[in-house]
Amino acid sequence: MTRKHQVRKDMIEVSEHNRRAWNELVRRGNEWTVPVDSETVARARDGDWSVVLTPSKPVPREWFGQIGGKRILGLASAGGQQAPILAAAGAQVTVLDNSPAQLASDRLVAQRDGLDIRIEEGLMQDLSRFPDDAFDLIFHPISNCFVEDILAVWREAFRVLSPGGRILAGFCNPVLYGFDPDASGVEALTWQFPLPYSDLESRAPKDLARHLAAGEPIEFSHSLETQIGGQLQAGFRLLALYEDTVGDWTLAQYFPPFIATLAEKPRDPRGSSMD
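Remember, it's a predicted structure, so these values are computed and weren't measured experimentally.

Each value, and the rule that gives it
- All residue numbers refer to position in the chain's written sequence, counted from 1.
- This being a predicted model, a pLDDT of at least 70 is required before a residue's local features are given, and a value of 80 or more before pairs of side-chain atoms are given or counted; all residues contribute to the totals for chains, interfaces and linings.
- Hydrogens and water molecules were not included; the side-chain quantities draw on all heavy atoms of the structure.
- Angular values range over 0 to 180 degrees, each being the angle between N-to-C directions of two axes fitted as lines to C-alpha atoms, with helices fitted over their stretch in contact.
- Segments assigned H or I by DSSP are reported as helices when at least four residues long, segments assigned E as strands when at least two residues long, and all are numbered from the N terminus.
- Comment on the angle field: the value is read as roughly parallel under 35 degrees, roughly antiparallel over 145, roughly perpendicular from 65 to 115, and oblique elsewhere.
- Only heavy atoms enter the contact rule, under which two residues are in contact if any of them lie within 4.5 Å.
- Note on residue categories: nonpolar means Ala, Val, Leu, Ile, Met, Phe, Trp, Tyr, Cys or Pro, charged means Asp, Glu, Lys or Arg, and polar means any other residue, Gly included.
- Relative accessibility under 20% of the residue-type maximum defines a buried residue, over 50% an exposed one, and the middle range a partly exposed one, all with a 1.4 Å probe and only protein chains included.
- Each pair of strands is called paired provided DSSP finds at least two bridges between the two strands.

Engineer: Residues and numbers for the packing of helix H2 (residues 14-28) against helix H5 (residues 100-113), please.
Structural biologist: With their axes 7 Å apart at the nearest point, H2 and H5 run at an angle of 45 degrees to one another. With respect to their mutual orientation, H2 and H5 come out oblique. Taken together, the residues of H5 that come into contact with H2 (itself represented by Arg-19, Trp-22, Asn-23 and Val-26) are Pro-100, Ala-101 and Gln-102. Per-class residue counts for the contact of H2 with H5 are four nonpolar, two polar and one charged.

In structure tokens:
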């Protein structure tokens, strides 16, 4: 690592930068910031609903179990998309996110459609405002790529889940970060970066400066050892997983860029529950 990279890293507070970046993405109308419409909420109230942890594949309904009355934490899950649907389906939903503008989308849908959603601004790796065993399920779509230490995320999630509770998590395949997302042609398929990747340390100084000036979020890659192994280390039991892709993205033609997992906080040391 060059001294220039180190100095720049010391000057940047990642969570503050990413808060501003996601507020700006809301202003631009990024697809993950557009609230669901009232028709979607109405269908969810009638039992016709689905949500995603990754870009395209709906989460299997059996991963949720019986959703009515379930205490759900939407972890780094604001944007007016998943939390309103889960609330309309009958869950008691709290959504926590780092972006006030993203949270405003959930507030908008809740007020528009008469939903009871608890809105909390905060960091995914700090759930100290919640007591132990506060939730029955955590819904955590792709977002931990925006923090450097995800082991803290898994530890906090484990603490606030009740025994038998589940965490549904989506995340990026670490291989994705070996390629330059701004490249085209043959270069788009050329391995560029050693892993683990960090916007702050892997990019050349000029590229990093352009990235930050453009208001793009700061991202980090995470190994399968920390994504899946980290959940196991925190005490979870892995129950299921699937892979997902997206559109006609060049890289997606060669490997699935996204993964979703279902894990459980054991009720007791002897086994897991899928009720």
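From this point on, the discussion continues.
Engineer: Describe in detail the environment of Phe-171, supporting the description with residues and values.
Structural biologist: With respect to the helices, strands and loops of the structure, Phe-171 is situated in strand E5 (residues 161-172). Classification of Phe-171 by relative accessible area gives buried; the value is 0%. In this structure the C-alpha to C-alpha distance between Phe-171 and Asn-144, which are 27 residues apart in sequence, comes to 7.0 Å.

Engineer: With reference to specific residues and values, describe the sheet that holds strand E3 (residues 117-121).
Structural biologist: Taken in spatial order, the seven strands of this open sheet run E3-E2-E1-E4-E5-E7-E6, and their pairing is mixed. A strand with exactly one partner marks an edge of an open sheet, and here the two such strands are E3 and strand E6 (237-244). Neighbour to neighbour, the strand axes of the sheet diverge by 15 degrees on average, direction disregarded. Of the strand pairs in this sheet, E5 and strand E7 (residues 258-264) are connected by seven bridges, and their pairing is antiparallel. Counterpart to Cys-172 in the pairing with E7 is Phe-258.

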